[in-house]
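Each chain, letter by letter, is given below.
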Amino acid sequence: MKILIVEDEPKLNAGLVTGLQNRGYAVDFAFDGEEGEKMARMNEYDLIVLDIMLPKRDGLEVCRSLRANGQQVPVLFLTARDAIEDKIIGLNLGGDDYLVKPFSFDELVARIRALLRRSPQTVGDILSMDGLKLDTRSQTVIVNGRAIDLTLREYGLLEYLLRNQGAVVTREEILTHVWDRFYDSLSNVVDVHLKNLRKKLPAAYAKRIETVWGKGYRLI
Ligand code: CA
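Residues numbered from 1 in each chain as written. Predicted model: local features only at pLDDT ≥ 70, side-chain atom pairs only at ≥ 80, totals over all residues. Heavy atoms only, no water.

Section: helix α3 (residues 59-68)
Now for step 1: The buried fraction of α3 is high, at seven of 10 residues.
Now for step 2: Taken as a whole, α3 has its buried residues at Gly59, Leu60, Val62, Cys63, Ser65, Leu66 and Arg67.
Now for step 3: Two residues or fewer after α3 comes Gly70, characterised by a positive phi angle close to 85°. (Buried < 20%, exposed > 50% of the residue type's maximum accessible area, 1.4 Å probe, protein only. Helix = DSSP H or I, 4+ residues; strand = E, 2+ residues; numbered from the N terminus.)

Encoded structure:
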């Protein structure tokens, strides 16, 4: 799952990026509203963490503009403690939730998980497929009661396939949602990680990840 952080305070921005990457998310970041909006229009994010007080263009303007452009991506606003009006305006403009600064990182992660918990095969924090369970809270994968040891990328890849079960996903879509932006899209990085993921899964599950020639992959 890929998240965009738009936050002008450098330390907070860096802390959020590192923290979320460690939880298995692909993360892009911007330091002002203009850059953030440009990135949100160019890339397909699964969620945007959007500070309200930003240089160049404030978060409320960015959200208004994205919604006017038809973008439905979930938006989690960050607001200063005393700016209660901002929260109300933000939610009216199509924001999905807000957090008041200062907040705990665990609280942010809990809100993010709640906003991403929308696809039909999700029950609570668990994505499941027969005996396979992927827990987005602990980033663990259990198959028939046995834990499977995956890297964060392999975990991200499996999560994306599970959320799109039955659909063909292209390498570009996988790169967009599972990797950060500084990636060479011509490399075979997706294929390499997919091969490793298949090796780690029990055969009955590995063979359900089909290669669709000339297109990409499909989890059946
Ligand atoms: Ca700010």
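Here's the deal with the coordination of the calcium ion
Now for step 1: All of the protein donors around the calcium ion are Asp8 (OD), Asp51 (OD) and Met53 (O); their distances to the metal are 2.1 to 2.3 Å.
Now for step 2: Since its relative accessible area comes to 3%, Asp51 is described here as buried.
Now for step 3: The class of Met53 is exposed, set by a relative accessible area of 61%. (Donors = N, O, S within 2.8 Å, 3.2 Å for Na, K, Ca; no water.)

A short note on the packing of helix α6 (residues 152-163) against helix α8 (residues 189-200)
Now for step 1: With their axes 9 Å apart at the nearest point, α6 and α8 run at an angle of 85° to one another. What the angle tells us is that α6 and α8 run roughly perpendicular. Note on element contacts: α8 touches α6 through Val190, His193, Leu194, Asn196, Leu197 and Lys200, opposite Arg153, Glu154, Leu157, Leu158 and Leu161.
Now for step 2: Looking at the contact of α6 with α8 residue by residue, the class counts come to six nonpolar, two polar and three charged. (Axes fitted to C-alpha atoms, helices over the stretch in contact; angles between N-to-C directions. Parallel < 35°, antiparallel > 145°, perpendicular 65-115°, else oblique. Contact = heavy atoms within 4.5 Å. Nonpolar A, V, L, I, M, F, W, Y, C, P; charged D, E, K, R; others polar.)

Concerning the domain arrangement of the protein
Now for step 1: Along its sequence, the protein is organised into domain 1 (2-118) and domain 2 (126-219).
Now for step 2: Domain 1 and domain 2 are separated by 26 Å when their C-alpha centres are compared.
Now for step 3: Note on domain 1 versus domain 2: buried area summed over both sides is about 1,300 Å², and carbon and sulfur give 40% of it.
Now for step 4: Joining domain 1 to domain 2, the criterion identifies zero salt bridges.
Now for step 5: The interface formed by domain 1 and domain 2 includes six residue pairs in polar contact (both at pLDDT 80 or more).
Now for step 6: Only α1 (10-22), β2 (26-30) and α5 (105-116) provide two or more residues apiece to the side of domain 1 that touches domain 2.
Now for step 7: The leading source of residues in the side of domain 1 that touches domain 2 is β2, at four residues.
Now for step 8: Of the residues contributing to the side of domain 1 that touches domain 2, the split by class is five nonpolar, three polar and six charged. (Domains from an automatic or database assignment. Buried area = accessible area lost by both parts, 1.4 Å probe. Salt bridge = Lys/Arg side-chain N within 4 Å of Asp/Glu carboxyl O. Polar contact = N/O pair within 3.5 Å; in protein donor to acceptor, adjacent residues only side chain to side chain.)

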